[in-house]
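A look at the structure
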Amino acid sequence: MVGCQEVLRETTWLASSSALLQILFRVITFGLNAFTLRYVSKEIIGLVNVRLTLLYSTVVFLAREAFRKACLSGSTKRNWTKTINLLWLTVPLGVCWSLFLGWIWLQLLEVPDPNVVPYYQIGVVAFGLSAVVELLGEPFWVLAQAHLFIRLKVIAESLSIISKCILTVVLVILYPQWGLYIFSLAQLLYTSVMVLCYVIYFMKFLGSREATKKSFPVSRMTDLLPNLMEDQTVVDWKEARLTWSFFKQSFLKQILTEGERYVMTFLNVLNFGDQGVYDIVNNLGSLVARFIFLPIEESFYVFFAKVLERGMDVKLQKQDNIAMAAAVLESLLKLVFLIGLSITVFGYAYSHLALDIYGGAMLSSGSGPSLLRCYSLYVLLLAVNGVTECFTFASMCKEEVDRFNFVMLSLSFTFLCISYFLTQWQGSVGFILANCFNMSIRIAHSIHYIYNYFKESSYKPLKGLLLSPSLIFVYIISGIITVFSEVFLCCGKGWLARLIHLTVGALCFIATLTTIFFKETNLINFVRTQFLSRYIKKETK
């Protein structure tokens, strides 16, 4: 059994490595989007980034999300043959979803004008196929994640994203008339490289001296294939039942996560051009959520799932583990809350400037700035929800997961209705407002669960959501100053005025960081000991 402290060290290393990786390659991808805007139409970008990406993400999410959560719960000491058998079910499930959803995308949805967006049918087939290709690597991914193979994940994601970006740039420059062919080939290359990285790594690792030293539970590549065992059940039925519970939940969670794209795709509330602008602004607004909050959520789900006994009362668990989990949860809540609040406060005054620099008048005019300002608030809610649901899902028993499915069902229906009506009223901004409502309800549910989970103990991890009065005051003053700076200096008064506006924001941000450093000493110590110490050690070696 891996010790609690060791799991925490490896988890924070995984989270920080993933976060830095996401920062690097989101910047590359973001630059790629800015580059392709000069060569392809916003209609193609809207179709690829909204409709086709929705097809791919829906197939992948519905086919594997439940299996990941179920198979990463508990200790690594398990019958991995049965777990691997269960994980291979993601492939036929993915094929079924890909065929079914591909038929809907081709037959029931509006087909774009071939003169504006050619090769639509090829795009649907390619993105559906790429989802199935990625699912072929699922047993390898879960095995690596469960044993905290950090470098493997970093290398696999690095190579796949680099390959996709290089191919996209080359084809956009040489053959811009290919349209969807470019993005289809790039998507297939991305998933193929990802799977090949995991397969090649395990081909070299299994049977090696390092694997023997670690007592790795799998010794041959054939052990990673489906294996029908005599006189034994093919899968662990406890894991299978937990997977089914998570599957019902993941279906609803996908609707909540990608709700605005489903509304855009099926109800045609925005044309493809407007969808392209919305997606670009949405990607800019969600950068931090993707490269910081998501790695933290994924990595610390593994930590909480290993440290806590699912469904067991706090008093009956090891108190050292409970104390560690409560301390980590409190620090994580404080960390993501401060990051999200900083983005909300400073994002309001710098949304217009960011869009003007990135995409020019096409993005900074119209509803673009208002959309990004609303997204700044949504990022704060995303931050808190990610950590609270991370703990909630890692500690819930099967019955609690089933009950939560009913909550998600009602949220799904409410969210879709609100999205449709708010979009009719406020346009694309209505999507963000509906998401804010949805996320607030989910946060309230998770906070209620966490409060009840710890109420019989002396630990109060929800204190991580409370700020000192002085820090609140600094945020308020910074928000007022930067808003006045935007009114008088941005964005039609030249580059010198913009530079002064940026300088004002930088000074306010430094003042905020200084206040955090002196007032949130526990958080600073947590970040220094758990996130930064590993990098310091690596640099001094």
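All values reported here derive from a predicted model rather than from experimental measurement. (Residues numbered from 1 in each chain as written. Predicted model: local features only at pLDDT ≥ 70, side-chain atom pairs only at ≥ 80, totals over all residues. Heavy atoms only, no water.)

Moving on to the confidence of the model for the chain. Of all residues in the chain, 89% have pLDDT values of 70 or greater, and the mean over the chain is 81. Every residue in residues 534–541 is under pLDDT 50, and counting partners more than four places away or in other chains gives nine contacts. (pLDDT = per-residue confidence, 0-100. Contact = heavy atoms within 4.5 Å.)

Now for unusual backbone geometry. At Tyr-119, a residue that is not glycine, the phi angle is positive and equals roughly 65°. You can see Tyr-119 is positioned in the loop between helix 4 (90–107) and helix 5 (120–135). (Helix = DSSP H or I, 4+ residues; strand = E, 2+ residues; numbered from the N terminus.)

The next thing to look at is the packing of helix 12 (residues 272–285) against helix 16 (residues 368–395). Put simply, helix 12 and helix 16 touch, their axes get as near as 9 Å, and they point 35° apart. Considering how the two elements wind past one another, helix 12 and helix 16 form a crossing that is right-handed. Where helix 12 abuts helix 16, its residues Tyr-278, Val-281, Asn-282, Leu-284 and Gly-285 lie against Gly-368, Leu-371, Leu-372, Tyr-375 and Val-379. Of the residues contributing to the contact of helix 12 with helix 16, the split by class is seven nonpolar, three polar and no charged. (Axes fitted to C-alpha atoms, helices over the stretch in contact; angles between N-to-C directions. Left-handed = near helix turned anticlockwise from the far one by under 90°. Nonpolar A, V, L, I, M, F, W, Y, C, P; charged D, E, K, R; others polar.)

All chains considered together, the criterion is met by 21 aromatic pairs. An angle of 40° between the planes, with centres 4.3 Å apart, marks the rings of Tyr-119 and Tyr-181 as tilted. One end of the pair, Tyr-119, is in the loop between helix 4 and helix 5; the other, Tyr-181, is in helix 8 (residues 180–205), with 62 residues separating them in the sequence. Overall, the relative accessible area of 34% leaves Tyr-119 in the partly exposed class. Judged by relative accessible area, Tyr-181 falls into the partly exposed class, the value being 30%. Joined through ring pairs, the aromatic side chains of Phe-304, Phe-391, Tyr-449, Tyr-453 and Phe-454 make up one cluster. The ring centre of Tyr-301 lies 4.6 Å from the NZ or CZ of Lys-69, which sits over that ring. Here Arg-498 stacks its cationic end above the ring of Trp-495, 4.4 Å away from the centre of that ring. (Phe/Tyr/Trp six-rings, centres within 6.5 Å; stacked < 30°, edge-to-face > 60°. Buried < 20%, exposed > 50% of the residue type's maximum accessible area, 1.4 Å probe, protein only. Lys NZ or Arg CZ within 6 Å of the ring centre and 35° of its normal.)

Here we take up helix 17 (residues 398–426). Its 29 residues place the ends of helix 17 40 Å apart at the C-alpha level, agreeing with the 42 Å of an ideal helix rising 1.5 Å per residue. Buried residues of helix 17: Val-401, Asp-402, Phe-404, Asn-405, Met-408, Leu-411, Ser-412, Phe-415, Ser-419, Leu-422 and Thr-423, and no others. (Expected span 1.5 Å × (residues − 1).)

For the coordinates displayed, the defined rule picks out nine salt bridges. Across the pair Arg-498 and Asp-356 runs a salt bridge whose closest N-O atoms are separated by 2.4 Å. Placement of Arg-498 in helix 20 (residues 495–519) and of Asp-356 in helix 14 (residues 319–359) is noted, with a sequence separation of 142 residues between them. Overall, the relative accessible area of 19% leaves Asp-356 in the buried class. Across the pair Arg-373 and Glu-486 runs a salt bridge whose closest N-O atoms are separated by 2.9 Å. Pair noted here: Arg-373 is in helix 16 and Glu-486 is in helix 19 (residues 469–489), with a separation of 113 residues, a long-range link. Through salt bridges with shared partners, one network takes in Arg-64, Arg-68, Glu-134 and Glu-138. (Salt bridge = Lys/Arg side-chain N within 4 Å of Asp/Glu carboxyl O.)

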